[in-house]
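Breakdown of the fold
The residues making up each chain are set out below.
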Amino acid sequence: MVYQAAENRYESMKYNRSGKSGLMLPAISLGLWHNFGGVDTFENGRAMLRRAFDLGITHFDLANNYGPPAGYAEELFGEMLKTDFAPYRDEMIISTKAGYYMWPGPYGDWGSRKYLTASLDQSLKRMGLDYVDIFYSHRPDPNTPVEETMGALDSIVRQGKALYVGISSYSAEQTEEAVKILNRLGTPLVIHQPNYSMLNRWIEDGLQDVLQENGVGSIAFCPLAQGLLTSKYLHGIPSGSRASKSTGALSEERVTEDVISRVQKLNNLASERGQNLAQMSLAWVLRNGRVTSALIGASRVSQIEENVEALNNLDFSQDELELIENILSGGTTEK
């Protein structure tokens, strides 16, 4: 059956401006980090992408190494662009990144101009695109001058291979330097993609201030802490979960009794709010407007539907915020 996007796809999604730019992103974006590889079922990936777009998710986040094998997620998305999404390219924000290992030798990793340029060329070929909307430096490179990395991003925009540029996992100090260099070059930094959740709050210690002062947006990856902030781990580590696998991105050591206890208390508060834990966790990330979009992953359509429903209740009372702070800090949980 030929795919036709839902006519009401823009009626309920919330869209936020990325910093001071003209770029609007959906409050919930979909990442293809997991479950869109060659080891996964294509039809399941296709169903998730279709449903996400029908729900108003216009931003799809990829990277050169997403799979496995590396590059497969871009190939899958490229197939979608040729078929189901062919009429809708201009309604989408497609992002990709480079910064992690992709091929052997000295030019297949980190942040050199050589690697970033070659990697994006390969990504565009895999997806069948002339340009991406956002191209990221996936991580800071301690051995390459930041001027070179930012210069490569500037060149990529000037060559028409990306419309906007971003960085991911840069510290506050590194971000401030990147902003200054890109401003001098004339290609302003539009977005930062950090790891941020109730269980990982490092960006509150300076980075958010740098972004706000410089008019840069942010999109939080792992807002559900690799599944810890869902109902999955309320009673320990279930069989088949990420933490139960030796190759999973979530290590078993992170799922401690203390973490489970805090997650259970957060779950109780979510129930009082009429949400599940994942929905409240996404609402919390978006709570004060300092985060442009929460980047979710999914393994099935129902997860995307549930996560988007977080937008039905983004407001927190002062009592709720104080209770969450107490839970996260290990203090009292009494109101």
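Okay, so let's go over this structure. Just so it is clear, the model here is predicted, and its values are computed rather than measured.

Here we come to helix H10 (residues 318-329). The first and last C-alpha atoms of H10 sit 16 Å apart over twelve residues, in line with the 16 Å expected at 1.5 Å per residue. Buried within H10 we find Glu-320, Leu-323, Ile-324, Ile-327 and Leu-328. Buried residues along H10 cover an arc of 130 degrees about the axis, so they all sit on one side. For H10, the exposed residues lying more than 90 degrees away from the buried face are Gln-318, Asp-319 and Ser-329. Packing partners of the buried residues in H10 comprise helix H7 (257-272) and helix H8 (277-285).

Now for the pairing of strand S7 (residues 162-168). Among the seven residues that make up S7, five are buried, leaving the element largely enclosed by the rest of the structure. In this structure, strand S6 (residues 132-137) lies alongside S7, joined through five bridges in parallel fashion. Bridged to Tyr-136 within S7 is Gly-166. Regarding topology, helix H4 (residues 146-158) serves as the crossover connection from S6 to the parallel S7, and that connection is right-handed. For S7 and strand S8 (residues 189-193), the ladder comprises four bridges, and the chain directions are parallel. Bridge pairing in S8 places Ile-167 opposite His-192. Where the polypeptide runs from S7 across helix H5 (residues 172-185) and back to S8, its parallel neighbour, the crossover connection is right-handed.

Another point: the environment of Trp-110. Residue placement: Trp-110 occurs in the loop between strand S5 (93-98) and helix H3 (113-127). Measuring from C-alpha to C-alpha, the distance between Trp-110 and Ile-219 comes to 21 Å, with 109 residues separating the pair along the chain. Ignoring anything within four residues of it in the chain, the contact list for Trp-110 reads Ala-98, Gly-99, Tyr-115, Leu-116, Arg-139, Pro-140, Asp-141 and Pro-142.

The next subject is the environment of Tyr-164. Assignment of secondary structure puts Tyr-164 in strand S7. Taking the C-alpha atoms as reference points, Tyr-164 and Asp-154, separated by ten residues in sequence, lie 9.2 Å from one another. Other than its neighbours up to four places away in sequence, Tyr-164 contacts Leu-23, Asp-133, Ile-134, Phe-135, Val-157 and Val-190.

Before going further, it helps to examine the layout of surface pockets. Put simply, the second largest pocket is a space of about 340 Å³. In this structure, the second largest pocket is lined by 22 residues; those nearest its centre are Asn-288, Gly-289, Arg-290, Val-291 and Thr-292. Of all elements in the fold, only strand S1 (15-17), helix H6 (207-213) and strand S9 (217-221) reach the threshold of two or more residues within the lining of the second largest pocket. Broken down by element, the lining of the second largest pocket gets its largest block of residues, three residues, from H6. Residue composition of the lining of the second largest pocket, by class: six nonpolar, ten polar and six charged.

Moving on: the side chain of Glu-74. Mapped onto the elements of the fold, Glu-74 is located in helix H2 (residues 72-82). The exposure class assigned to Glu-74 is buried, which follows from its relative accessible area of 0%. At a separation of 2.6 Å, a polar atom in the side chain of Glu-74 contacts the side chain of Thr-96. If near-sequence neighbours (up to four positions away) are discounted, Glu-74 is found in contact with Leu-62, Ala-63, Asn-64, Thr-96, Ser-123, Arg-126 and Met-127.

The interhelical angle for the contact between helix H1 (residues 42-54) and helix H9 (residues 301-308), taken along N-to-C directions, is 25 degrees, at an axis separation of 9 Å. Overall, the two elements H1 and H9 adopt an arrangement that is roughly parallel. Viewed along their axes, H1 and H9 form a crossing whose handedness is right-handed. Residues Ala-47, Met-48, Arg-51 and Ala-52 of H1 form the contact with H9, whose own contacting residues are Val-301, Ile-304 and Glu-305. For the contact of H1 with H9, the per-class residue count stands at five nonpolar, no polar and two charged.

Calculation criteria
Residues numbered from 1 in each chain as written. Predicted model: local features only at pLDDT ≥ 70, side-chain atom pairs only at ≥ 80, totals over all residues. Heavy atoms only, no water. Helix = DSSP H or I, 4+ residues; strand = E, 2+ residues; numbered from the N terminus. Expected span 1.5 Å × (residues − 1). Buried < 20%, exposed > 50% of the residue type's maximum accessible area, 1.4 Å probe, protein only. Arc of directions from axis to C-beta. Contact = heavy atoms within 4.5 Å. Pairing = 2+ DSSP bridges. Right-handed = clockwise from strand over helix to strand, strands pointing away. 1 Å grid on protein atoms, 1.4 Å probe; cavity = no way out; pocket = protein on both sides within 12 Å on 5 of 7 lines; lining within 4 Å. Points joined across faces, edges and corners; volume = space filled by probe spheres on them. Nonpolar A, V, L, I, M, F, W, Y, C, P; charged D, E, K, R; others polar. Polar contact = N/O pair within 3.5 Å; in protein donor to acceptor, adjacent residues only side chain to side chain. Axes fitted to C-alpha atoms, helices over the stretch in contact; angles between N-to-C directions. Parallel < 35°, antiparallel > 145°, perpendicular 65-115°, else oblique. Left-handed = near helix turned anticlockwise from the far one by under 90°.

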